[in-house]
Amino acid sequence: MNAPVRPTDQVYGAPMHFPARRAWWLLFVPSFALFLLLIVSVVMVFWKGTGIWGNNIPVGWGFPISNYIWWLGIGHAGTLISAMLLLLNQGWRNSLNRFAEAMTLFAVTCGALYPIFHLGRPWRFYWMAPYSNVMNVQPQFKSPLTWDFWAVLTYLIVSTLFWYIGTIPDLAAARDRATKRRWQVFFGLLALGWRGAGSHWARWRRAYWITAAIAVPLVVSVHSEISMLFAAGPVPGWNSTIFPPYFVLGAAFSGFAVVTMIAVVLRHMLGFEGLVTARHLDMLGCLTLACGMMTAFGYFAEVFTALYAGGRELETLLDRLSGPYAWSFWGAVILNFLPLQLLWWRRVRRAPIPSFLIGLSIAVGMWMERYMLLVSTLYRDWLESSVELFHPTFWDWSLYAGLIGFFLTAFLLFVRFMPVISVFEIRERAVEKALHHG
């Protein structure tokens, strides 16, 4: 009789002896096809200019900015699961943090590309950095656009460092278990000479915790800063003090939904039911429910603000309820909050298929919410003559679909060639429990 495969061998052996090659290729081929569509779309934008999109006057911010906010929001859950729960010493995060951090890294990269594509001269994006140009002119430091540049850049750097630092012990373990020379070299280079000495662990733990302490405030600051791009202007529907917490909670809401979807797919595809258990799905469901209900409070606060203020604020609210973009408002309300109520039941939270479908509904609903918030506010300017409906073109959709392909391609390559679960933290937690009960 064959001995059962230990979870550690299962995770470390996955890159070298991948258990689901057919399923991986079935996901990778369409994802890579969408990635090729991204390349074509970017070439067209650089060649023809941003006029190939549906942006107009007054809707100068169309798909690029709404999708930019959506992508950055998805990335927030990985940092919250990994960094915040690490600082709170929550051991159940150990089965989720590795692929949640990778999701953050790829989602933030997708989001960070959109403002560059949106520029008329994207090769000059570095002009937003605080240095004097040839005319000795400095960027406007009071502008949220300058904050945006530094917030996203800092978040991307810290997320990359946090993810990579956390993988080093597992990369070294995979190196030591590899039997083929190419895998030994691959993991050996990434492990940076890790040998598991006491000094290595002390320095690693210090670096890991310091990076986590830096990452958690960035979750709040990055999306709060994005909300200030809206709230700082005298635009009906945007000028609201609820925006910073509303944006942060909405970002975490969509992020936890996507993490749940990824957890369900990985545990089924790689046979990780013993590592990503029903309890992990239960905890993700609780976090999604909590963030969702707080996001719903933001919707009520917006309605109350419009009713209390009257004037153009009320006109904007009524337009969202019954105007040409009412489909996006009601779609966001229905998809975000109706399926969410099923998570009050523990049986639903622990079931993989319902959890996946609820997460998918929330991801689509939050995209509609970002679209509604942007377009339904901008298409009517202060002047009656400045009214123009926004209609996304093929290249709007192709760029969005292409970035989804980039995200999926990068994530699938990560799943194929890297340990997707932090095994050393799981083992460390198990030893602590054994010593405690002993």
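Residues numbered from 1 in each chain as written. Predicted model: local features only at pLDDT ≥ 70, side-chain atom pairs only at ≥ 80, totals over all residues. Heavy atoms only, no water.

To continue, consider the layout of surface pockets. Within this model, the second largest pocket holds a volume of roughly 620 Å³. Together, 26 residues line the second largest pocket, and Val258, Met261, Ile404, Phe407 and Leu408 are the ones closest to its centre. Put simply, the parts of the chain that give the lining of the second largest pocket at least two residues each are helix 2 (21–48), helix 3 (63–87), helix 8 (243–269), helix 13 (352–378) and helix 14 (394–417). The greatest single-element share of the lining of the second largest pocket, amounting to eight residues, is contributed by helix 14. (1 Å grid on protein atoms, 1.4 Å probe; cavity = no way out; pocket = protein on both sides within 12 Å on 5 of 7 lines; lining within 4 Å. Points joined across faces, edges and corners; volume = space filled by probe spheres on them. Helix = DSSP H or I, 4+ residues; strand = E, 2+ residues; numbered from the N terminus.)

What follows is about the nonpolar core. In terms of nonpolar packing, the biggest core is built from 123 residues, with Trp71, Phe99, Phe411 and Phe414 touching the most fellow members. If sequence neighbours within four positions are ignored, Phe414 has contacts with Arg98, Phe99, Ala102, Phe106, Trp163, Pro419 and Val420. (Core = buried A, V, L, I, M, F, W, Y, C linked by side-chain atoms within 4.5 Å. Buried < 20%, exposed > 50% of the residue type's maximum accessible area, 1.4 Å probe, protein only. Contact = heavy atoms within 4.5 Å.)

On to the packing of helix 8 against helix 13. Following both chains from N to C, one finds helix 8 and helix 13 inclined at 145°, their axes separated by 8 Å at the closest point. For the pair helix 8 and helix 13, the sense of crossing is left-handed. (Axes fitted to C-alpha atoms, helices over the stretch in contact; angles between N-to-C directions. Left-handed = near helix turned anticlockwise from the far one by under 90°.)

This part is about empty space enclosed by the protein. Per the counting criterion, the structure on display carries two cavities of 30 Å³ or more. In this model, the largest cavity occupies a volume close to 70 Å³. Of all the secondary-structure elements, those providing two or more residues to the lining of the largest cavity are helix 8, helix 9 (278–309) and helix 13. Looking at the lining of the largest cavity residue by residue, the class counts come to five nonpolar, five polar and one charged. The volume enclosed by the second largest cavity comes to roughly 50 Å³. Taken together, Gly78, Thr79, Glu101, Thr104, Ser159, Phe162, Trp163 and Ala215 make up the lining of the second largest cavity. Of all elements in the fold, only helix 3, helix 4 (97–118) and helix 5 (144–177) reach the threshold of two or more residues within the lining of the second largest cavity. Counting residues per element, the lining of the second largest cavity draws most heavily on helix 5, at three residues. (Nonpolar A, V, L, I, M, F, W, Y, C, P; charged D, E, K, R; others polar.)

Moving on: the side chain of Ser159. Take Ser159: it is sitting in helix 5. On the basis of relative accessible area, Ser159 is assigned to the buried category, the value being 9%. Other than its neighbours up to four places away in sequence, Ser159 contacts Thr79 and Thr104.

A few words now on the confidence of the model for the chain. Interpretation of the predicted coordinates at a detailed level should be avoided for regions scoring low in pLDDT. Averaged over every residue, the pLDDT of the chain is 84; residues scoring 70 or more account for 89%. Across residues 1–5, where pLDDT falls below 50, the model places one contact with residues more than four positions away in sequence or in other chains. (pLDDT = per-residue confidence, 0-100.)

Turning our eyes to something else, we now look at helix 10 (residues 311–322). With twelve residues, helix 10 should reach 16 Å at 1.5 Å per residue; the first-to-last C-alpha distance of 17 Å fits that figure. Of all the positions in helix 10, only Glu313, Thr316, Leu317, Asp319 and Arg320 are classed as buried. Seen from one end, helix 10 has its buried residues packed into an arc of 160°, which puts them on one side. Of the residues in helix 10, the exposed ones pointing more than 90 degrees away from the buried face are Gly311 and Ser322. (Expected span 1.5 Å × (residues − 1). Arc of directions from axis to C-beta.)

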